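Coordinates in review
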Amino acid sequence: MITYNAEGVSMPKIRKRDTTRWIKAVAATYGRKVGEIGYMFVDDEKILEVNREYLGHDYYTDIITFDYDEDDVISGDLVISLDTVRSNAELFKKSYEEELYRVIIHGVLHLCGINDKGPGEREIMEAAENKALAMREA
């Protein structure tokens with residue numbers, strides 16, 4: 001089951017049923033099933049607090065993924081800062097909606113085992129995001 005919640009911000013205008021279907025389809029392309037995934041949409045201050053408390057990082061970010069996967073079932077909590085999504089959309093000259101869906105699927109891709117911190121991994125993640133976004137639009 002996938003849940004969508006907001007704390008301190010308005011819930012983004014996403015079509016939850018379609019988004020859930022899309023997430024499950026993307027996970028299936030990696031041979032994964034969706035277990036429990038919880039999205040929490042927050043502001044920059046809240047994501048900074050989570051980043052400090054749980055990861056020891058003192059900076060803003062667009063998403064933090066807590067991975068609770070077991071075997072081929074992906075589960076996790078995904079905390080998304082809508083403030084940073086909006087800033088990044090402007091920075092990268094993308095629509096807010098496109099950037100939001102990119103971040104939504106970014107966390108799922110992490111749960112599917114794709115990383116983006118090591119050498120060459122960022123490019124692999126970006127390709128996976130683009131492939132997933134194309135599936136959403138199809």
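Just above, that's the structure.
Residues numbered from 1 in each chain as written. Predicted model: local features only at pLDDT ≥ 70, side-chain atom pairs only at ≥ 80, totals over all residues. Heavy atoms only, no water.

A short note on the nonpolar core
Put simply, the rule reads: The set of buried Ala, Val, Leu, Ile, Met, Phe, Trp, Tyr and Cys residues whose side-chain atoms join them within 4.5 Å is what this entry labels a nonpolar core. Burial classification: accessible surface area is computed with a 1.4 Å probe over protein chains only, and a residue below 20% of its type maximum counts as buried, one above 50% as exposed, and the rest as partly exposed. Strands here are runs of E lasting at least two residues and helices are runs of H or I lasting at least four, both read from the DSSP assignment and numbered beginning at the N terminus.
With 31 residues, the main nonpolar core has Trp22, Ile23, Tyr39, Phe41, Ile80 and Ile104 as its most contacted residues. Where this core is concerned, the elements lending two or more residues are β1 (2-6), α1 (16-29), β2 (33-42), β4 (73-81), α3 (82-91), α4 (96-111) and α5 (121-137). Counting residues per element, this core draws most heavily on α4, at eight residues. Counting six residues, the second largest nonpolar core, distinct from the first, contains Val42, Ile47, Val50 and Ile64.

Digging into the layout of surface pockets
Note the threshold: The pocket and cavity definitions rest on a 1 Å grid over protein atoms only: a 1.4 Å probe that fits but cannot leave marks a cavity, an open set with protein on both sides within 12 Å along at least five of seven lines marks a pocket, and residues lining either have an atom within 4 Å of a point. Grid points are joined across faces, edges and corners, and a volume is the space filled by probe spheres set on the points. Ten residues, namely Ala, Val, Leu, Ile, Met, Phe, Trp, Tyr, Cys and Pro, are considered nonpolar, four, namely Asp, Glu, Lys and Arg, are considered charged, and the remaining ones, Gly among them, are considered polar.
For the largest pocket, the calculated volume is near 400 Å³. Along its surface, the largest pocket is lined by 16 residues, and Ile63, Ile64, His110, Asp116 and Lys117 are the ones closest to its centre. The leading source of residues in the lining of the largest pocket is strand β3 (residues 63-67), at five residues. Residue classes in the lining of the largest pocket are distributed as five nonpolar, seven polar and four charged. Approximately 290 Å³ is the volume found for the second largest pocket. What lines the second largest pocket is simply Asp62, Asn88, Phe92, Lys94, Glu99, Arg102, Val103, His106, Arg122, Glu126, Glu129 and Asn130. Those elements giving two or more residues to the lining of the second largest pocket turn out to be α4 and α5. For the lining of the second largest pocket, the per-class residue count stands at two nonpolar, three polar and seven charged.

Overview of α4
Quick note on the threshold: For a helix, the expected span equals 1.5 Å multiplied by the residue count minus one.
Taking 1.5 Å of rise per residue, the 16 residues of α4 would be expected to cover 22 Å, and the 23 Å separating its terminal C-alpha atoms lies within 8% of that figure. Of all 16 residues making up α4, 13 are buried, and the element is well covered by its neighbours. In the stretch just after α4, Gly113 is the one whose phi turns positive, near 105°.

Thoughts on the pairing of β2
Filter applied, for reference: Strand pairing is assigned whenever DSSP identifies at least 2 bridges connecting the two strands. By definition, the crossover connecting two strands over a helix is right-handed if that path, from the first strand to the second, turns clockwise as seen with the strands pointing away from the viewer.
A large share of β2 lies buried, amounting to seven of its ten residues. Inspection of the sheet shows β1 paired to β2 by five bridges, in the parallel sense. Counted as the bridge partner of Ile2 is Ile37 from β2. Traced from β1 through α1 to β2, the parallel crossover comes out left-handed. Judged from the eight bridges that link them, β2 and β4 form a sheet pairing that is parallel. Considered in β4, the bridge of Gly38 is made with Asp77.

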